[in-house]
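# Structural description and commentary
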Amino acid sequence: MKTNGHDHVIEVSGLRRVYGGGFEAVRGITFHVERGEVFALLGTNGAGKTSTVEVLEGLAPPAGGRVRVLGHDPRTERAAVRPRTGVMLQEGGFPSELTVTETARMWAGCVSAARPLTDVLARVGLAGKTGARVKQLSGGERRRLDLALALLGDPEVLFLDEPTTGLDAEGRRDTWELVRALRDGGTTVLLTTHYLEEAEGLADRLAILHEGRIAAAGTPAEVTAAQPARITFELPDGYVLGDLPPLPGLGVTGHEVDGAVVRLRTRTLQRTATGVLAWAERAGVELRGLDVRSASLEEAFLGIARAASAEAATATATGHETERAVAV
Ligand SMILES: Nc1ncnc2c1ncn2[C@@H]1O[C@H](COP(=O)(O)OP(=O)(O)OP(=O)(O)O)[C@@H](O)[C@H]1O
């Protein structure tokens, strides 16, 4: 569906998912994914990632809101959506006695125009395992087989639920390369992950889910830019923190002192760093252990999770639900 010249391959608007017993796992989330984008859903355990992706895959109905994949309702218009999508579930569940090739052949029978099995198996690094039975595969090899099956129909849209969980470092890098190559070939990818470096390195945009809501969203750079940067150094002998110029004037928003080690937080990294270095120059001292760095996605993630938990605790204590909604 075209919106302002953008092709929104996935549209999610006010999505809610409620399980039997009334537990609301997804609490009104809104985001979209453009054609050719890699979009990552990040979140703590139980944040609602799988619950969201299952609705997008047409496996479950929404309790509220609306989802569209390639312009269609993935559940009620499944026939229009399913042949154009590839799905890698968290747990594949293949017949364990079949070989890799037999499994892929069986799966290919469900796909309208399957790609050559050998190509797909080679692409995921299983070329040497085609005769192995599924029960003989390692956990990481099963994830690769899962990915191969998702790719068999040459999908326009690929859903990957924790694609690299259980893979070793090399397998993870191979999968990242493959996802990048697919994206470069025009495939739209929505993935969930626990690995922040995976989202940082792969995703064009991402959303951080926390307790069923989107707590932050944007490009990885935008999400980290919203978090304070850090400057760490050791105070020279004979100096105390008060010897520096007034910290607010340097743009410092928070600080900790641990023995001689000083940690400053700032949202204006260049200004603060310049102020600290200019002071050291004037004082004629060397700042040992000087470390100046922007926030990483990991710090942003932990900061957001902490802030969201604190907000929820306050809301519970006061009996008020805080309305926070980030639309992407
Ligand atoms: N069938 C179910 N019945 C009841 N509650 C469920 C069901 N499936 C999931 N939940 C709950 O919904 C919440 C969201 O679960 P979900 O699996 O979507 O989270 P997730 O972000 O994918 O987590 P993880 O990273 O651990 O896979 C959790 O609190 C979970 O316990």
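A short tour of the structure in this document, coming up. Computed from a predicted model, the values in this text were never measured in an experiment.

### Topic: the overall build of the protein
- Along its length, the protein carries 10 helices and 14 strands.
- Reported as C-alpha extents along the three principal axes, the dimensions of the protein are approximately 75 × 50 × 40 Å.
- In the protein, which comprises 328 residues, the proportion classed as buried is 38%.

### Description of the sheet that holds strand β8 (residues 188-193)
- Taken together, six strands build an open sheet; the order of strands is β6-β7-β8-β4-β9-β10 and the sheet is mixed. Looking at strand neighbours, the two that pair on one side only are β6 (85-88) and β10 (213-218), the edges of this open sheet. Each strand of the sheet is rotated relative to its neighbour by a mean of 15 degrees, with strand direction disregarded.
- Bridge count between strand β4 (residues 38-43) and strand β9 (residues 205-210): five bridges; the pairing is parallel. Each bridged residue has a counterpart across the sheet, and for L41 the counterpart in β9 is A207.
- Contacting β4, β7 (157-161) and β8, helix α6 (residues 169-184) runs over the sheet at an angle of about 150 degrees to β8.

### Remarks on the site of the ligand
- Looking at the ligand, the residues that line it are Y19, F23, A25, G43, N45, G46, A47, G48, K49, T50 and S51.
- Here the element with the most residues in the shell around the ligand is helix α1 (residues 49-56); it accounts for three residues.
- Among the residues making up the shell around the ligand, the classes are represented as four nonpolar, six polar and one charged.

### With respect to the packing of helix α3 (residues 100-108) against helix α5 (residues 139-151)
- Contact pair α3 / α5: the axes reach a minimum separation of 10 Å and the direction vectors enclose 30 degrees. Of the possible angle classes, the one that applies to α3 and α5 is roughly parallel. Considering how the two elements wind past one another, α3 and α5 form a crossing that is right-handed. Where α3 abuts α5, its residues V100, T103, A104 and W107 lie against L145, A148 and L149.
- Its residues assigned to classes, the contact of α3 with α5 shows six nonpolar, one polar and no charged.

### Quick look at the pairing of β6
- Neither face of β6 is exposed, since T85 and V87 on one face and G86 and M88 on the opposite face are all buried.
- Looking at chain direction, β6 and β7 are connected through four bridges and run parallel. Of the residues in β7, the one forming a bridge with M88 is L160.

### Concerning the sheet that holds strand β14 (residues 291-293)
- One open sheet holds the four strands; their spatial order is β12-β13-β11-β14, and the pairing between them is antiparallel. Edge positions in the open sheet fall to β12 (252-258) and β14, since each of these has one partner strand only. For this sheet, the mean inter-axis angle between neighbouring strands, taken without regard to orientation, is 10 degrees.
- Alignment of β12 against strand β13 (residues 261-266), held across six bridges, turns out to be antiparallel.

### Remarks on the nonpolar core
- Core analysis: the biggest nonpolar cluster contains 67 residues, and A40, L42, A148, L190, L206 and I208 have the highest contact counts within it.
- The element that contributes the greatest number of residues to this core is α5, accounting for six residues.
- Discounting chain neighbours no more than four positions away, the residues touching A148 are A104, V120, L121, V124 and L126.
- Judged by nonpolar contacts, the second largest core, of eight residues, contains I231, L244, L250 and V276.

Definitions and limits used
- Residues numbered from 1 in each chain as written.
- Predicted model: local features only at pLDDT ≥ 70, side-chain atom pairs only at ≥ 80, totals over all residues.
- Helix = DSSP H or I, 4+ residues; strand = E, 2+ residues; numbered from the N terminus.
- Buried ≥ 20, exposed ≤ 12 C-beta atoms within 10 Å, placed from the backbone.
- Pairing = 2+ DSSP bridges.
- Axes fitted to C-alpha atoms, helices over the stretch in contact; angles between N-to-C directions.
- Contact = placed C-beta atoms within 7 Å.
- Near = placed C-beta within 6 Å.
- Nonpolar A, V, L, I, M, F, W, Y, C, P; charged D, E, K, R; others polar.
- Parallel < 35°, antiparallel > 145°, perpendicular 65-115°, else oblique.
- Left-handed = near helix turned anticlockwise from the far one by under 90°.
- Core = buried A, V, L, I, M, F, W, Y, C linked by C-beta atoms within 7 Å.

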